[in-house]
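As a plain string of letters, each chain reads:
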Amino acid sequence: MSGANERTTRQDRVSETTVSDGLASTLSQDQIARLMRRRGEESRFWWLVPTIYIIVLMLPIYWLVNMSFKTNQEILGAFSLWPKNPTIANYMVIFTDPSWYKGYINSIIYVVMNMVISVSVALPAAYAFSRYRFLGDKHLFFWLLTNRMAPPAVFALPFFQLYSAFGLIDTHIAVALAHCLFNVPLAVWILEGFMSGVPKEIDETAYIDGYSFPRFFLKIFMPLIASGIGVACFFCFMFSWVELLIARTLTTTAAKPIAAIMTRTVSASGLDWGVLAAAGVLTILPGALVIWFVRNYIAKGFALGRV
Amino acid sequence: MEKTWNNKAWFMVLPVLLLVAFSAVIPLMTVVNYSVQDTFGNNVFFWNGSDWYTEILGSDRFWLSMVRNLIFSAIILVIEIPLGIFIALNMPKKGWGVPVCLVLMALPLLIPWNVVGTIWQVFGRIDIGLLGYTLSALGIDYNYVNDPTDAWVTVILMDVWHWTSLVVLLCYAGLVSIPDAYYQAAKIDGASRWAIFRYIQLPKMNRVLLIAVLLRFMDSFMIYTEPFVVTGGGPGNSTTFMSIDLVKIAVGQFDLGPAAAMSIIYFLIVLLLSWVFYTVMTTVDAEG
């Protein structure tokens, strides 16, 4: 009984294989690939899942945008899905009040400082890690990673004391340096990932051709890993931009980031929802603008250069 | 890649070393310092041995916030990882849909964390928030300000909203790296959709999935800003995770000794987890 069954299955499989073989010989690789795709996606409704997911993702953001175009009376009054009388008054408050727009300037200053510092010190280090073995290299690489994983809450208070001792509290450079704690390791890991993808023969050929190391690095190597540098910059920008705990601890007024100004206003001025929403929308914009350029590398960046 | 042994490479690493030492080692030493000393003010410190550690490790408060944090991490992993895989499997593979999906999905990852908190604080309010209003209009008793369960639901929803895209992006990166030949072979063998997933896609996503799990675990283990903005750790202490508790002790009560001891314990846990992460990363690097 079972033997018979087995035989039929085998026969089935054989006939199937011949059919597929026949198919394979008549169709080109490309056509098969297309067939596979159709098969892989199973149905014409594959787009349903991403669409629903994106809609769910966008709802809370839409709600914030919606609120930012309403007056406070409208927000707290009748519930409505879109602004009945759209107003840009909330945005005008932010663009005309220095205590608001200075927050954005402060944030951008320390984020850019941090980005430049992080990537420029990470470049040679990442090259060393990707090309050479040296005493304690693995330990060092691991130690860098622990800093990326360290909870900012642990560092908030000691940072405050350290930068007080140097008289750096409430300066942009203090926040920029403090954010190096997690951004330098991140930049090193991402850049190392990209550099390891460049074959070593390129280095060797350049040296044989008589390039000195700095010239080789700037003229040949950096253009080759340009996308890696861009991605590293983006991730430094992003993690410095989204961080609040350390930035808030190290600043009082002169260098206060926009994110911290928002929390202060929530508690102080009786909840000006409209302005709060407008400020929130404006903090989303920079990320939304630059993300387009790194869309294909964003997964690699989050995996610390390891995809 | 074959690497040459060259100790001069140390000079290239030196800037990073100095910078990170300044921003990591010095502060960490300060913490160690506080964790073994006590003070009566006036900057006069005296040796206190391991008293703070005993106090912290013996306190219910520490263990409760840690258990809460572990439960939180477990729940979001259970939700985010399968959901992320599912969505990644249904992403378009080519055409104009790819960049649009990638950019829109990555958007929540780029929002400052306290703005994420603000968004959900507003979104969940029963008077002005879409979610809260809809739920109460449907007759569901939802109030994240007073009810611990609702507060948990809100915080978890927020984290799923915020970070599932990370899992999606990583899985998607793993999926597109599978050569077409694998699918063709599966087709010839008459493999079912499940078999394709189980024997082709899942093994190929192995590596990125490990990274996703570890990253999500570590980041949720040190989550601070988002729940702090939404619930402030409340109602009661129901959403007080480890970082929130630590900041409460250090900045709120200014108990430097216990806070420092707790920081060190916290850091040691993270160190252990980082080591797991590193081992996994370097092993998969060596394999692939």
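Residues numbered from 1 in each chain as written. Chains lettered and ligands numbered in written order. Predicted model: local features only at pLDDT ≥ 70, side-chain atom pairs only at ≥ 80, totals over all residues. Heavy atoms only, no water.

1. Quick word on the UniProt feature "domain: ABC transmembrane type-1" (unreviewed entry) in chain B
- Using the residue numbers shown here, the UniProt feature "domain: ABC transmembrane type-1" (unreviewed entry) corresponds to residues 66-277 of chain B.
- The span residues 66-277 of chain B shows a helical share of 75% and a strand share of 0%, and its end C-alpha atoms are spaced 20 Å apart. (UniProt positions renumbered as here; feature names shortened; annotations may be inferred. Helix = DSSP H or I, 4+ residues; strand = E, 2+ residues; numbered from the N terminus.)

2. Here we look at the pattern of salt bridges
Residues and elements named next belong to chain B.
- Using the criterion set out here, one finds 7 salt bridges over all chains in the structure.
- Ionic pairing is found between Asp 245 and Arg 61, a salt bridge with its closest N-O pair at 2.9 Å. Highlighted residues: Asp 245 in helix 11 (residues 242-252) and Arg 61 in helix 3 (residues 60-89), separated in sequence by 184 residues.
- Each of Glu 80, Asp 159 and Arg 216 takes part in salt bridges that share partners, so that together they form one network. (Salt bridge = Lys/Arg side-chain N within 4 Å of Asp/Glu carboxyl O.)

3. Thoughts on the packing of helix 8 (residues 152-165) of chain A against helix 1 (residues 10-35) of chain B
- Taken N-terminus to C-terminus, the directions of helix 8 of chain A and helix 1 of chain B make an angle of 100 degrees; their axes are 9 Å apart at the nearest point. Overall, the two elements helix 8 of chain A and helix 1 of chain B adopt an arrangement that is roughly perpendicular. Note on element contacts: helix 1 of chain B touches helix 8 of chain A through Phe 22, Ser 23, Ala 24, Ile 26, Pro 27, Leu 28, Thr 30, Val 31 and Tyr 34 of chain B, opposite Val 154, Phe 155, Pro 158, Phe 159, Gln 161, Leu 162 and Tyr 163 of chain A.
- Residues of the contact of helix 8 of chain A with helix 1 of chain B, tallied by class, amount to 13 nonpolar, 3 polar and no charged. (Axes fitted to C-alpha atoms, helices over the stretch in contact; angles between N-to-C directions. Parallel < 35°, antiparallel > 145°, perpendicular 65-115°, else oblique. Contact = heavy atoms within 4.5 Å. Nonpolar A, V, L, I, M, F, W, Y, C, P; charged D, E, K, R; others polar.)

4. Observations concerning the side chain of Arg 68 of chain B
All names here are of chain B.
- Turning to its location among the elements, Arg 68 is positioned in helix 3.
- There is no salt bridge for the buried Arg 68, and the closest opposite charge comes from Asp 245, which lies 6.1 Å off by N-O distance.
- At a separation of 2.8 Å, a polar atom in the side chain of Arg 68 contacts the main-chain carbonyl oxygen of Thr 240.
- When residues no more than four places from it in sequence are discounted, the contact partners of Arg 68 are Trp 152, Asn 237, Ser 238, Thr 240 and Phe 241. (Buried < 20%, exposed > 50% of the residue type's maximum accessible area, 1.4 Å probe, protein only. Lys, Arg positive; Asp, Glu negative; His and termini not counted. Polar contact = N/O pair within 3.5 Å; in protein donor to acceptor, adjacent residues only side chain to side chain.)

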